[in-house]
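Overview (structure and organization)
Here's the letter readout for the chains.
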Amino acid sequence: MANTSGNAYGLTALCPIINGHTNDSNPLYKAAGESHDKEVRRILQALPLNQESPFANTDNTYLARLFILNDVFFQQGNDFKRDQLKSKYLCFNSNFHGELEPYLTSLWNNNENQVREIWQHCVAFESVSNANDFVRYIKSCQLTTTLFFNGSNDQPVAEQLKALYVKQMFSEFVLTQQGKSAAELKQAFKYFLQRVQLNDVKSPSWKPGQTEVAL
Amino acid sequence: MSNIAGKAYAMNVITPIPWWKAIWQHAAFKFVVRFPSNLKGLINLSLIHYARWTIIGRNSFPHLAPSQPKEDLHYSYMMFESNFNGSWDQYIDSFSFAIPEGLDLFWRFNIGYPKSIPLHGFYNYIRFNQIETDHFYNAYPCASSNDVKSATHLYDNLKDFTETSLELSDEDFEQAYNALLLDNQQYLGCMEAGPSLSLKEY
Amino acid sequence: MSYIDGISMKESKSLDLYDIQGNVCKGYGRYGFPKARYCFLSFQHTHSAREFLALLIEKITTAETWPVSESSDHHRIKPNSTLNLGFTYSGLKKLGLPERSLKGFPVDFTMGMKARSEILGDTGISAPEHWDDIWQQDNVHAWVAINARDQDAIEFEFNALGDLVTQHPDGVRIMSGIKGPNNTILPYQDASAVFENGLPTAKEHFGFTDGIGNPYFEGCGNSMSRLPGRGKLMRDGSWQPLATGEFVLGHVDEAQEYPPAPEPKLLSRNGTYMVYRKLHENVDTFNGYIDNLAKDFDGSRDLLMAKMSGRWPDNGAPLTLAATDEEKETLDAKMASIELRVSEGDKSALIERKELRRQWVDFTFNDDKSGSRCPVGAHIRRTNTRGSLETEHKAFHRPGALVDRRRLMRRGLPYGGIDEAKSDSAEQGIIFMSIGASIERQFEFVQQQWVNYSNDFKLGNDKDPLIGSHDGKLTDKHIIQGCPIKGAKPPFFCTQMPRFVETRGGDYFFIPSISALRMIAEGLIDPS
Ligand code: HEM
């Protein structure tokens, strides 16, 4: 029904993971006895976090996650049938600003090695060798969102981060100005504007994934 | 694994739904969109950055190559993915307390859904069907959805203010500044890292 | 108005008040017991500890109802002192509860307060390593509280307790290690209402009037006149008693279920949990801060204090009733004239007084969304949000949906401030005790999310101005919202707030029913 909410895009992709062990010809893997899904999980769990996450390098990611759907759960009780998945799936769920193609292109272009490392364990990923292929691939795994609830807004991430930076700076500024004379206040405000550069969205600002409020 | 990134928690819940009821569930979501007053409670709670419900038809799990076995499922599935602020318990509690009817509408046709009240049936249902996240990224770990929204308002208002106020006399500026503070006093909370949500250390 | 007289609404639920400990249903201070002594026991041998317990049970005060006012026959009904008892998790273990029963206790309680310090904001100077010595060991097993009319009665009961302990030398001992006045280390914690002119007051050591707001629950045995403003807020603006299960285990709670509780039912039913915290008050720092800030503040010192707590310090009137110095003067004058008429025997003045007094408690923040009267971050607006988190009409199931499961039954008293001059280093503060069916969902949530955080108030990480874990940083602040209508007053900022209140110790206790106590003492608890 709706993958978008205004300019916010909600991507859900289920990428089937190859069944069985990783490359049987590779003795290293064999020794470890790793199946593809375990290998992916290990890679995902070892991905650097926050500012170092590949998504911090992907333009306009609000929040994104990767996880593995091993199977579906059996709902206990007499009346229910039992389902089992025949593949495990790498679930890629991202909420971002803008359109899908440029987003996925940015993900590929800025993090090609990590993307390859993660997705190499997925079915038919061997056919992917460039950004266009990657876009096509993810689209072939994409599910349509039924209901998208946007509890935030749909601005570019850079705008959101600048707004957060400005908010933090201004809410500190007001504390320093209480009781100052009109002339001092106006002077200080001008200086404040110079520092925060309201109209420069890029800088100074918070960095994507930044874990502390101070720059 | 980590379901937590800064002030946000990533929840994945996948639940079965008979394929014909999936059609009704689709209709329920259409109804929600058509009459957004159904979302009033969710909006007022204001604990979510982005959340999505995705119904996966029993025949629509991606199938990419002949080497991949085709799924053969009795049920369709509903995947719920939320990015919310607060801990798991806090979130589930607040939702169940504040908008029990809304939750029931969202999961109404899912197998085994116990209704959101009494609470522990609902707790167990969500926990049972929840899947852990392996990698979770949040563009602003120090900001809740409320922080982002108030920042956006404040930023806009501040830009407007600078356009009109810098040429004023000192006294007029002070007045305008005070009016600015008054208009934006609800946006002036200071941010820091959020309270600890993780139970890992306990 | 209809149920204030207690006629039109009947209490539908009756509890076995003889089975519930008295401190669960009563704030003893209100019943003429301004003095208290808390002491902590350590058990050694299970058998002997149980024998001790069996004898102590005889002394325990139950929740049976007493007349509130001092009637002529009150001595017949009301004891001279009360005694109540609770156990830590390790205490229950020591008493030999079966593993299966122990495993049924929730994680918050089994971990105890020290291990939860990160959640509670007990960091920096409030961190457990700075607590009184008694908390440095891990062998506090039980809490015993004596409340009394006067200090003599306290000493009498404490000596009796001491005798009982002495009779069980290998079963139990009273632990020392509690900091007392003038650098003493004592085997007990004394607490007392602050006295003025020889009479007990409701004041605490910063000068606020305390002990007004507290929840009202079904079956609590309190007069229905106390319901408005204390129960749960309904859609039509009326108040209903909160479900019993919010405060007593084994009864249905606000989520229409029995709160999770250990087995067997006889162990948990009519029992509950209690948080005990010794909260030190830095009175010099507080007074200095207020004095200093009052110079810049457009209003009296009292108003500034009120804007932090939400109530006027002198008489506890809520800011919803009087939000400026002028309004307060008018309110005081009105009250004075009513009092005068009451003293002249004017019957209608009695009713007027009752009606005015009702508004001390029976209020919401509905007409004050911006916080221009009671600041959004004020202590009482944080700790009991009433209907204020429902910012859009009918958005929630009930206006108070987000608070009804977060209510705290406070049972504290001030301590110290008697034997030595009040200063930061002198011993004074509040023994904060809070009762509820879930420590995590009620007390810990309020402490973490509402006291030391502000997301639900859309104020980022701002903290409670009185008790937040501040450190004097620029951003350790409290916003006193301005008024958009009246004279367009801009907001006022209290910044660089120091830590006025420090945690000095405490733990989580299980307050068993009388039946459970008996069975614990006799080793009869059996979850099979
Ligand atoms: C030294 C520490 C504290 C001081 C000086 C203090 C002071 C006050 C004052 C002056 C009031 C208003 C009087 C009243 O309504 O009874 C109040 C109310 C209250 N306080 Fe505290 N308090 C302290 C600690 C705490 C803590 C730790 C909590 C909980 C986490 C808490 C929760 C409450 C609640 C729930 C109310 C009643 C609000 C209502 O029902 O309207 N207080 N406190």
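As the structure is a prediction and not an experimental result, all values here were calculated from the model. The written sequence of each chain sets the order in which its residues are numbered from 1. The naming scheme follows written order: chains are lettered A onward, ligands numbered 1 onward. Where totals are concerned, whole chains, interfaces and linings use all residues; where local detail is concerned, this predicted model gives features only for residues with pLDDT of at least 70, and gives and counts side-chain atom pairs only at 80 or more. Water and hydrogen atoms play no part in the side-chain values, which are based on all heavy atoms of the structure.

Before going further, it helps to examine the packing of helix α12 (residues 325–343) of chain C against helix α13 (residues 347–358) of chain C. Residues and elements named next belong to chain C. Angles here are taken between N-to-C directions and fall from 0 to 180 degrees, while the axes themselves are lines fitted to C-alpha atoms, restricted in helices to the stretch in contact. The helix count covers DSSP runs of H or I at least four residues long, the strand count covers runs of E at least two residues long, and both are numbered beginning at the N terminus. Contact geometry of α12 with α13 gives a least axis separation of 8 Å together with a crossing angle of 145°. When the axes of α12 and α13 are compared, the crossing they make is left-handed. On α13, the residues touching Leu331, Lys334, Met335, Ile338, Glu339, Arg341 and Val342 of α12 are Ser348, Ala349, Leu350, Glu352, Arg353, Leu356 and Arg357. Helix crossings get a hand from a simple test, with the near helix turned counterclockwise from the far one by less than a right angle marking a left-handed crossing and a clockwise turn marking a right-handed one. Here, two residues are considered to be in contact whenever any of their heavy atoms come within 4.5 Å of each other.

All right, on to the site of the ligand then. All names here are of chain C. One heavy atom within 4 Å of a molecule or strand makes the whole residue count as near it. The immediate surroundings of the ligand are formed by 24 residues, with Ile212, His379, Asn384, Arg386 and Arg410 found nearest. At 3.3 Å from an oxygen atom of the ligand is found a side-chain nitrogen or oxygen belonging to Asp210. A distance of 2.9 Å separates an oxygen atom of the ligand from a polar atom in the side chain of Asn384. Counting residues per element, the ones that place at least two in the shell around the ligand are β12 (272–281), α14 (379–383), β15 (428–436) and α15 (439–451). In terms of residue class, the shell around the ligand is made up of eleven nonpolar, seven polar and six charged. Polar contact criterion, stated in full: a pair of N or O atoms within 3.5 Å, where within protein one must be able to donate a hydrogen and the other to accept it, and residues adjacent in sequence count only if both atoms are side-chain atoms. Three classes are used, and their members are as follows: Ala, Val, Leu, Ile, Met, Phe, Trp, Tyr, Cys and Pro are nonpolar, Asp, Glu, Lys and Arg are charged, and the others, Gly among them, are polar.

So, on to the nonpolar core. Core analysis: the largest hydrophobic core is formed by 269 residues, its most contacted members being Phe92(A), Trp119(A), Phe170(A) and Trp53(B). For this core, the leading source of residues is helix α5 (residues 157–177) of chain A, giving eleven residues. Leave out the neighbours within four places in its chain, and Phe170(A) touches Phe189(A), Phe192(A), Leu154(B), Leu158(B), Tyr177(B), Leu180(B), Leu181(B) and Leu188(B). What is meant by a nonpolar core is a set of buried Ala, Val, Leu, Ile, Met, Phe, Trp, Tyr and Cys residues, joined one to another through side-chain atoms within 4.5 Å. Think of it in three bands: with a 1.4 Å probe and only protein chains considered, a residue is buried below 20% of the maximum accessible area for its type, exposed above 50%, and partly exposed in between. If you look at the next biggest cluster of nonpolar residues, it comprises 17 residues, including Leu69(A), Val72(A), Ile56(B) and Tyr75(B).

This part is about the packing of helix α10 (residues 283–296) of chain C against helix α11 (residues 301–309) of chain C. All names here are of chain C. For the pair α10 and α11, the least separation of the axes is 9 Å and the interaxial angle reads 115°. Of the two possible hands of crossing, α10 and α11 adopt the one that is right-handed. Contacts between α10 and α11 involve Phe286, Asn287, Ile290, Asp291, Leu293 and Ala294 from the first element and Arg301, Leu304, Met305 and Met308 from the second. Within the contact of α10 with α11, the residues separate by chemical class into seven nonpolar, one polar and two charged.

Right, let's get into the coordination of the iron atom of the ligand. Among all protein atoms, only His379(C) (NE2) binds the iron atom of the ligand, sitting 2.0 Å from it. One can find His379(C) in helix α14. Sites may look incomplete, because water is not among the atoms used; the donor set itself consists of N, O and S atoms within 2.8 Å of the metal (3.2 Å for Na, K and Ca).

A few words now on the packing of aromatic side chains. Only Phe, Tyr and Trp rings take part, Trp by its six-membered ring, and two of them pair if their centres are within 6.5 Å. Stacked means planes under 30 degrees apart, edge-to-face means over 60, and tilted covers everything else. Going through the model one piece at a time under the given rule, you end up with 73 aromatic pairs over all chains. Considering the side-chain rings of Trp24(B) and Phe109(B), the 5.4 Å spacing of their centres and the 75° angle between planes classify their relative orientation as edge-to-face. Highlighted residues: Trp24(B) in helix α1 (residues 19–34) and Phe109(B) in the loop between α4 (100–107) and α5 (119–129), separated in sequence by 85 residues. Relative to Phe510(C), the ring of Phe105(C) lies with its centre 5.1 Å away and its plane at 75°, an arrangement referred to as edge-to-face. Residue Phe105(C) is located in the loop between α5 (99–103) and α6 (107–111), and its partner Phe510(C) is located in strand β18 (residues 501–511); the two are separated by 405 residues in the primary sequence. Across the pair, exposure class does not vary: Phe105(C) and Phe510(C) are buried alike. Ring-pair connections join several aromatic residues into one group, and the members of that group are Phe55(A), Phe92(A), Trp108(A), Trp119(A), Phe125(A), Phe134(A), Tyr137(A) and Tyr137(B). The cationic tip of Arg127(B) hangs over the ring face of Trp88(B); the distance from NZ or CZ to the ring centre is 4.1 Å. The aromatic ring of Phe158(C) is capped on one face by Arg37(C), whose charged end is 4.8 Å from the ring centroid. We call a charge positioned over a ring when the NZ of a Lys or the CZ of an Arg lies within 6 Å of the ring centre and within 35 degrees of the ring normal.

This next bit is on the confidence of the model for chain B. For every residue, the predictor reports its confidence as pLDDT, a number between 0 and 100. Of the residues in chain B, 100% have a pLDDT of 70 or more, and the chain-wide mean is 94. Highest mean pLDDT in chain B belongs to strand β5 (residues 135–138) of chain B (98); lowest belongs to α4(B) (89).

Between any two strands, at least two bridges found by DSSP are needed for them to pair. Taking strand neighbours across the sheet as the criterion, the five strands line up as β6(A)-β3(B)-β4(B)-β2(B)-β1(B) in an open arrangement whose pairing is antiparallel. Two strands lie at the open edges of the sheet, namely β6 (147–150) of chain A together with β1 (4–5) of chain B, each paired on one side alone. The strands touched by α1(B) are β6 of chain A together with β2 (8–18), β3 (48–56) and β4 (75–85) of chain B; relative to β2(B), the strand with the most contacts, the crossing angle is about 135°.

The subject of this paragraph is the interface of chain B and chain C. Between chain B and chain C, the residue contacts involve 38 residues of the former and 48 residues of the latter. Defined here as a combined quantity, buried area equals the accessible surface (1.4 Å probe) lost by two parts on assembly, summed across both. Among the residues chain B hides against chain C, the three largest losses belong to Phe97(B), Gln185(B) and Tyr202(B). Together they make up 19% of the total. We define a salt bridge as a contact between a side-chain nitrogen of Lys or Arg and a carboxyl oxygen of Asp or Glu at a distance within 4 Å. If you look at where chain B meets chain C, you find two salt bridges. Between Lys473(C) and Glu192(B) there is a salt bridge; the shortest N-O distance is 3.8 Å. Counting across the chain B and chain C interface gives 20 residue pairs in polar contact (both at pLDDT 80 or more). Elements supplying a minimum of two residues to the side of chain B that touches chain C: α2 (40–45), α3 (88–98), α4, α5, α6 (145–165) and α7 (170–183) of chain B. The residue makeup of the side of chain B that touches chain C, split by class, is 17 nonpolar, 15 polar and six charged.

A word on the interface of chain A and chain B. Chain A puts 98 residues into the contact, and the matching count from chain B is 92 residues. For the chain A and chain B pair, buried surface summed over both sides reaches about 8,200 Å², with 65% attributable to carbon and sulfur atoms. The largest per-residue losses of area from chain A upon contact with chain B belong to Arg65(A), Leu147(A) and Phe149(A), which jointly make up 11% of the total buried on that side. At the boundary of chain A and chain B, one finds two salt bridges. Residues Arg41(A) and Asp134(B) are paired through a salt bridge, measuring 3.1 Å at the closest nitrogen-oxygen approach. Between the two partners, chain A and chain B, sit 46 residue pairs in polar contact (both at pLDDT 80 or more).

So, on to the pairing of β12(C). Residues and elements named next belong to chain C. Most of β12 sits inside the fold, with ten of its ten residues counted as buried. Of the two faces of β12, the one lined by Thr272, Met274, Tyr276, Lys278 and His280 and the one lined by Tyr273, Val275, Arg277, Leu279 and Glu281 are each fully buried. Pairing between β12 and β18: nine bridges, direction antiparallel. Residue pairing in the sheet places Met274 in a bridge with Phe509 of β18. Here eight bridges tie β12 to β15, and the two strands are oriented antiparallel to one another. Across the sheet, the residue bridging to Leu279 is Ile430, located in β15.

A few words on the domain arrangement of chain B. Residues and elements named next belong to chain B. What marks off one domain from the next here is an automatic or database domain assignment. By the assigned domains, chain B splits into domain 1 (4–61 + 68–131) and domain 2 (145–187). The gap between the C-alpha centroids of domain 1 and domain 2 is 39 Å. Facing the five residues of domain 1 at the interface are five residues of domain 2. Interface area for domain 1 against domain 2, summed over the two sides, is near 350 Å², with a carbon-plus-sulfur share of 28%. If you sort the residues of domain 1 by the area they bury against domain 2, Lys7, Ser46 and His49 come out on top, with a joint share of 77%. Where domain 1 meets domain 2, there are one salt bridge. A salt bridge links Lys7 to Asp147; its shortest N-O distance comes to 3.0 Å. Residue composition of the side of domain 1 that touches domain 2, by class: one nonpolar, three polar and one charged.

Residues and elements named next belong to chain C. Taken residue by residue, chain C gives an average pLDDT of 94. The fraction at 70 or more is 95%. Here residues 1–10 is a poorly scored stretch, pLDDT under 50, and it has 18 contacts once near neighbours within four places are set aside; other chains count. The complex prediction reports pTM at 0.96, with the ipTM value standing at 0.96.

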